Amino acid sequence: MSHSDNGQTRSAATRRRVLAAMGGASVVGLAGCVGGDDGGDGGDGSDGGDGSDGGDGTNEFVASAGANPGTFDPTIITDATSNSVIGTMAYERLVALTFDLSEVRGELASDYEQVDDTTFRFQLREGVTFHNGDEFTAEDVAFSINRTSGTTNDADVSFIENVEVLGDYEVEITSSDPHAPFLNDLAAVPILTSKTDAISENPEQDEHDFTDQTLGTGPWELEEFSAEDRAVLVPYEDYWYDGDEYPGTAPWDQVTFRVIPEQVSQEEAMAAGELDMIDNAAPFELDQWENQTGEVVTGSAVGFDFISYPVNQSPFTNEKLRRGMTRLLPKSDVIEAVFGGYATELAAPISPGLGAFWDEEHEQRLLDEYVGQNEEEGLRLIGEAFEEEGIEAPFDVSFITNVNRTRERWMEIIQQTMDETEYFNAELDVRAFDDLVPFLLDPEGAAASTDVVGIGWTGGSDPDGHVNQLLHSSQHVPDGFNWNLYESEEMDQLITEGQTTLGADERLPIYQDLQELVAQDVPMANMWTGDQIDILNPSNIESVDQWSPHPNSSNRYNTLYKPHLDEIVYPAE
């Protein structure tokens, strides 16, 4: 097995520089859709196969997708698979962050300036066209922001008070209050054309079929989609990039994403040379790539895994029960047994990839005082909670997660840990990701049950992306991702204070207080942040060194061609 840590080395060197950047990774969302089982027939033996040229001279990159994309409309995408396959490949934003999260660069903006604490002015690139031929202008920025408002991704634009079009290629955006993650949030808003009647500012009223034609300006456009089978992207020939350092269009003839839900089947297809990359290798079996096709490339990540407690359902309304269960979680053992050490234990939602917002000493104190493993303390708290709530043991509880071999394994350990106590009759309920997400977002689903949910969150590089949509009371489902309907006035105030305070040094104590409140209230048990692990076929790319694992899994394939971010991977000659 060969092993590179392309992202690790660079990220470690730059973590300190992440600080000041308001910035963050563009998209946040559920990271549950990786891993899986081959649905694909692997298939047909024709083009699904060897990611190389198939003998016809075509430079094709073939990757796995752990689930069928939930939607191809980028405005309403809420999961990492849809974002990585189509949302960040075919669509662009005003600004984007470099892969080490240290710098915000213009994407569809050629330049930008901060006018005052609440206003940014953007100069737009000229000569940019959408995939349908429409010209990109400032009106498309206003349209796309309005289109995002009121959707599940409303949090990305809710801070905006006004969008003023100053000219065809100039726009000014004003927030109602100083908003620290201003650029970070804009980096999550895909820009679509406003010049076709087939789509409107209300996505529910659209007549356009996004699987028929993408409407972005990105370097890739959708060529073909077959549900539960594959999505094929090809370079957009009129892409706007005209720099000298890199080619003006992607150097690949096509990128094929094969839908392979089962992790084992992904690995089998990779070992057979049918794939050039799998998106979620089992970290506990990386040794299998010794003498096989794949090369392991790792990097830092910002996302995290967690379990959510149904805080509004008895007996989980008792905070002692939630903290007692959290105290039983064998997180360190799971990190070694399931992640092979490629993960870092968390006390709360802020991960070490956030640089200035991470304080190791503070984190350790929260683990020691509130949420680190302590079996004796955990059983004591659970016993007190049962007595206070009049609950007769054992209490029936389901631990729900999605199809993903790694996640299933650590959730099974948690289920067994609880089941082995005298207090619980615990069972594991594994669902397809496409089934689990609607359950989470339905106010009559997870919010109305006593089920404990285990899943992942991509987070982003600004701490607001790690907490707002999961914990603020304004983000209760179906308007956000706060599916256990957690509500705390103090939490709301801290999230708002973190958003409206400028400067990393000034924001750090706010997020430390917020982390402490999460550890005390335990609406969720934060588990760990797992390293980004990509398995590549080195024979089909010019050099593995060109591959940069992105810390946000929503952007995992952007390394293939994002020239303005200095990211490109060439086919093997």
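Structure first, text after, so check above.
About the criteria used
- Residues numbered from 1 in each chain as written.
- Predicted model: local features only at pLDDT ≥ 70, side-chain atom pairs only at ≥ 80, totals over all residues.
- Heavy atoms only, no water.
- Helix = DSSP H or I, 4+ residues; strand = E, 2+ residues; numbered from the N terminus.
- Rg over C-alpha atoms; globule rule 2.2 N^0.38 Å.
- Buried < 20%, exposed > 50% of the residue type's maximum accessible area, 1.4 Å probe, protein only.
- Contact = heavy atoms within 4.5 Å.
- Areas by Shrake-Rupley, 256 points an atom, 1.4 Å probe, with all protein chains shown as cover.
- Pairing = 2+ DSSP bridges.
- Axes fitted to C-alpha atoms, helices over the stretch in contact; angles between N-to-C directions.

S.K.: Any chance you could explain the overall build of the protein chain here in plain terms?
M.R.: Of the regular secondary structure elements, the protein chain holds 14 helices and 22 strands. Against the compact-globule benchmark of 25 Å for 573 residues, the protein chain has a radius of gyration of 23 Å, which places it among compact chains. Principal-axis analysis of the C-alpha atoms gives the protein chain an extent of 70 × 55 × 45 Å. Across the 573 residues of the protein chain, 63% fall into the buried class. Put simply, 74% of the contacts in the protein chain that link residues at least 6 apart link residues at least 24 apart. Per element, the accessible surface of the protein chain, about 19900 Å² overall, is 38% carbon and sulfur.

S.K.: Can you help me understand the pairing of strand 7 (residues 160-167) in this one?
M.R.: Note on strand geometry: in a regular strand, side chains alternate between the two faces of the sheet. Pairing geometry for strand 7 and strand 8 (residues 170-175), over 6 bridges, is antiparallel. Residue pairing in the sheet places G167 in a bridge with E170 of strand 8. Hairpin connection, strand 7 to strand 8: the antiparallel pair is bridged by 2 residues.

S.K.: Just to check I follow, could you spell out the sheet that holds strand 8 for this structure?
M.R.: Within a sheet, neighbouring strands are paired by backbone hydrogen bonds and run either parallel or antiparallel to one another. What the 4 strands build is an open sheet, ordered 5-6-8-7; its pairing is antiparallel. A strand with exactly one partner marks an edge of an open sheet, and here the two such strands are strand 5 (109-116) and strand 7. Going from strand to strand, the sheet's axes swing by 20° on average, the running direction of each strand aside. Of the strand pairs in this sheet, strand 5 and strand 6 (residues 119-124) are connected by 6 bridges, and their pairing is antiparallel. The partner of D111 across the bridge, within strand 6, is Q123. Contacting strand 6, strand 7 and strand 8, helix 3 (residues 138-148) crosses the sheet at an angle of about 165° to strand 7.

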